[in-house]
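# Working through the structure, step by step
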Amino acid sequence: MITLGEYIVKTQSEHPSATGELTSLLSSIRRAAKIVNREINRAGLVTDIIGGSNGSENVQGEVQQKLDVFANDKFKAALEARGEVCGIASEEEDYFVCFDSAKRSDAKYVVLMDPLDGSSNIDVNVSVGTIFSIYRRVSEPGTPVVMEDFLQPGVNQVAAGYVVYGSSTMLVYTTGNGVHGFTYDPSLGSFCLSHENIRIPEEGKIYSINEGNYIKFPEGVKKYLKYCQEQDETTKRPYTSRYIGSLVSDFHRNMLKGGIYIYPSGTSAPNGKLRLLYECNPLAFLAEQAGGKASDGFQRIMEIKPTELHQRTPYFVGSTAMVEKAESFMTKFS
Ligand code: AHG
Ligand code: MN
Ligand code: MN
Ligand code: MN
């Protein structure tokens with residue numbers, strides 16, 4: 001059994017240019033994930049600390065759950081504690097945060113994160129997650145980070161991953177050399193390699209979408225959903241509908257079993273609900289590295305040039321054949 005720490009060191013050392021900084025950065029994320037995992041497992045017991053609403057709103061106008069803020073603070077502190085990260089952007093921070101390390105010329109990474117994904121599920125004991133995305137800074141080394149360090153297209157990502165705090169807690173990441181999953185063993189206090197080289201099945205039989213918004217969906221999405229529900233032996237339709245309401249959990253299931261997750265535009269959400277920089281891009285990197293696909297219904301997610309930190313995008317992600325089928329309906333009925 002190899003631990004996450006051992007695996008990162010082993011695989012990073014195979015890169016001649018590896019300087020150990022990304023290794024150190026990933027181990028900061030690993031440590032914060034253990035702390036958040038511990039609190040999530042106690043959520044029902046310590047509601048005063050992390051259960052329920054924090055009574056504040058984030059820049060998205062969402063009521064922040066105590067665990068949103070707790071997770072944000074733990075990941076931010078872990079990333080600031082060492083010297084590789086110049087700054088972070090987060091769903092729970094209005095603006096990006098510049099760390100002191102930005103004044104050090106050897107600090108070269110920025111991290112964007114959704115510290116707690118699926119907040120609505122915390123108090124009902126349904127799995128939630130954390131999503132992270134890592135870039136090299138593009139501005140002058142040794143100077144404070146600037147917005148352009150964070151507004152990079154997804155193709156520039158150096159690494160990305162998620163933690164899913166589910167029936168077991170897993171950390172899944174890529175540095176551009178495949179997708180690897182590690183399962184937390186509380187008796188050891190370590191994430192252990194359990195899913196090396198995850199490949200998303202080319203075809204899937206699961207579609208994941210909040211059908212409560214059906215009447216607001218674009219015509220192409222409505223037609224694709226009807227396609228999923230038709231009887232057709234050859235393509236094993238009707239497909240199965242599964243929607244957990246935690247993007248990370250729905251995405252993780254589809255990565256292992258095959259499937260498509262869709263959060264389309266709608267009249268009340270003209271650009272959809274999901275955020276490009278710290279939800280859609282990192283999961284798109286993972287999906288592509290596992291042989292899948294991620295688009296906004298028309299163009300590759302990772303080629304979108306961001307203009308705002310919290311900008312939203314319609315999102316179609318999962319098994320390549322399913323995403324391409326959905327795109328064909330979007331094109332035909334747009
Ligand atoms: P977050 O909790 O980080 O704000 O993200 C919630 C997202 C995503 O996790 C989930 O798939 C989606 O919101 C659910 O949205 P609906 O409740 O509108 O279906
Ligand atoms: Mn939120
Ligand atoms: Mn989220
Ligand atoms: Mn969140």
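What counts and what doesn't
- Residues numbered from 1 in each chain as written.
- Chains lettered and ligands numbered in written order.
- Predicted model: local features only at pLDDT ≥ 70, side-chain atom pairs only at ≥ 80, totals over all residues.
- Heavy atoms only, no water.
- Axes fitted to C-alpha atoms, helices over the stretch in contact; angles between N-to-C directions.
- Helix = DSSP H or I, 4+ residues; strand = E, 2+ residues; numbered from the N terminus.
- Parallel < 35°, antiparallel > 145°, perpendicular 65-115°, else oblique.
- Contact = heavy atoms within 4.5 Å.
- Nonpolar A, V, L, I, M, F, W, Y, C, P; charged D, E, K, R; others polar.
- Donors = N, O, S within 2.8 Å, 3.2 Å for Na, K, Ca; no water.
- Buried < 20%, exposed > 50% of the residue type's maximum accessible area, 1.4 Å probe, protein only.
- Near = heavy atom within 4 Å.
- Polar contact = N/O pair within 3.5 Å; in protein donor to acceptor, adjacent residues only side chain to side chain.
- Areas by Shrake-Rupley, 256 points an atom, 1.4 Å probe, with all protein chains shown as cover.
- 1 Å grid on protein atoms, 1.4 Å probe; cavity = no way out; pocket = protein on both sides within 12 Å on 5 of 7 lines; lining within 4 Å.
- Points joined across faces, edges and corners; volume = space filled by probe spheres on them.
- UniProt positions renumbered as here; feature names shortened; annotations may be inferred.
- Pairing = 2+ DSSP bridges.
- Domains from an automatic or database assignment.
- Buried area = accessible area lost by both parts, 1.4 Å probe.
- Salt bridge = Lys/Arg side-chain N within 4 Å of Asp/Glu carboxyl O.

### Looking at the packing of helix α7 (residues 247-257) against helix α8 (residues 276-289)
At their nearest, the axes of α7 and α8 sit 12 Å apart, and the two run at 10° to each other. Of the possible angle classes, the one that applies to α7 and α8 is roughly parallel. Residues Leu247, Phe251 and Met255 of α7 pack against Glu279, Leu283, Leu286 and Ala287 of α8. Residue composition of the contact of α7 with α8, grouped by class: six nonpolar, no polar and one charged.

### What to know about the coordination of the manganese ion (ligand 2)
The manganese ion (ligand 2) binds to the protein through Glu62 (OE) and Glu91 (OE); the donor distances cover 2.0 to 2.1 Å. Taken as a pair, the manganese ion (ligand 2) and the manganese ion (ligand 3) show a spacing of 5.4 Å. Residue Glu62 is found in the loop between β1 (53-57) and β2 (63-65), and its partner Glu91 is found in the loop between β3 (85-90) and β4 (97-98); the two are separated by 29 residues along the sequence. Here Glu91 falls in the buried class, since its relative accessible area comes to 3%.

### Describing the site of ligand 1
Around ligand 1, the structure places 18 residues, and the nearest of them are Asp117, Gly118, Tyr243, Tyr261 and Tyr263. In the model, an oxygen atom of ligand 1 is placed 2.7 Å from a nitrogen or oxygen of the Gly118 main chain. Here an oxygen atom of ligand 1 and a side-chain polar atom of Glu279 are 3.4 Å apart. With the chains in place, 86% of the 460 Å² that ligand 1 exposes on its own is no longer accessible.

### Some remarks on empty space enclosed by the protein
Inspection of the entire model under this criterion finds one cavity of 30 Å³ or more. Approximately 40 Å³ is the volume attributed to the largest cavity. Lining the largest cavity, in full, are Leu4, Ile8, Leu26, Ile29, Arg30, Phe132, Leu171 and Tyr173. Sorting the residues of the lining of the largest cavity by element identifies α1 (4-13), α2 (21-41) and β8 (169-174) as the ones contributing at least two each. Per-element accounting of the lining of the largest cavity gives the leading share, three residues, to α2. Residue classes in the lining of the largest cavity are distributed as seven nonpolar, no polar and one charged.

### As for the UniProt feature "binding site: Mg(2+) 2" (unreviewed entry) in the chain
UniProt annotation of "binding site: Mg(2+) 2" (unreviewed entry) refers to Asp114, Asp117 and Glu279 when read in the numbering used here. These annotated residues cover 166 residues of sequence, but their C-alpha atoms sit close together, with the largest distance between any two at 8.6 Å. Among the annotated residues just listed, those that line the largest pocket are Asp114, Asp117 and Glu279. Here Asp114 shows up in strand β5 (residues 109-117). Not counting residues within four places of it along the chain, the set of residues in contact with Asp114 comprises Glu91, Gly129, Thr130, Ile131, Tyr278 and Glu279. Note that Glu279 resides in helix α8. Using a relative accessible area of 1% as the deciding quantity, one classes Glu279 as buried. Setting aside chain neighbours within four positions, we find Glu279 in contact with Asp114, Asp117, Ile131, Leu247, Leu274 and Tyr315.

### Some thoughts on the sheet that holds β8
Ordered in space as β4-β3-β5-β6-β7-β8-β9-β10, the eight strands form an open sheet in which the pairing is mixed. If you trace the sheet from one side to the other, it starts and ends with β4 and β10 (190-195), each paired once. Across six bridges, strand β7 (residues 159-165) lies against β8 in antiparallel orientation. Considered in β8, the bridge of Gly161 is made with Tyr173.

### What to know about the domain arrangement of the chain
Structurally, the chain comprises domain 1 (4-197) and domain 2 (206-333). Inter-centroid distance (C-alpha atoms) of domain 1 to domain 2 is 23 Å. Contacts between domain 1 and domain 2 engage 51 residues on the former and 33 residues on the latter. Taken together, the two surfaces of domain 1 and domain 2 that pack against each other cover about 2900 Å², and 63% of this comes from carbon and sulfur. Of all residues in domain 1, Ile131, Leu151 and Tyr162 bury the most surface against domain 2, accounting for 21% of the area lost on that side. There are two salt bridges connecting domain 1 and domain 2. Close ionic contact of Arg275 with Glu62 constitutes a salt bridge, the shortest N to O distance being 3.1 Å. Across the domain 1-domain 2 interface, the total number found is 21 residue pairs in polar contact (both at pLDDT 80 or more). Put simply, the parts of the chain that give the side of domain 1 that touches domain 2 at least two residues each are β3, β5, β6 (128-136), α5 (147-150), β7 and β8.

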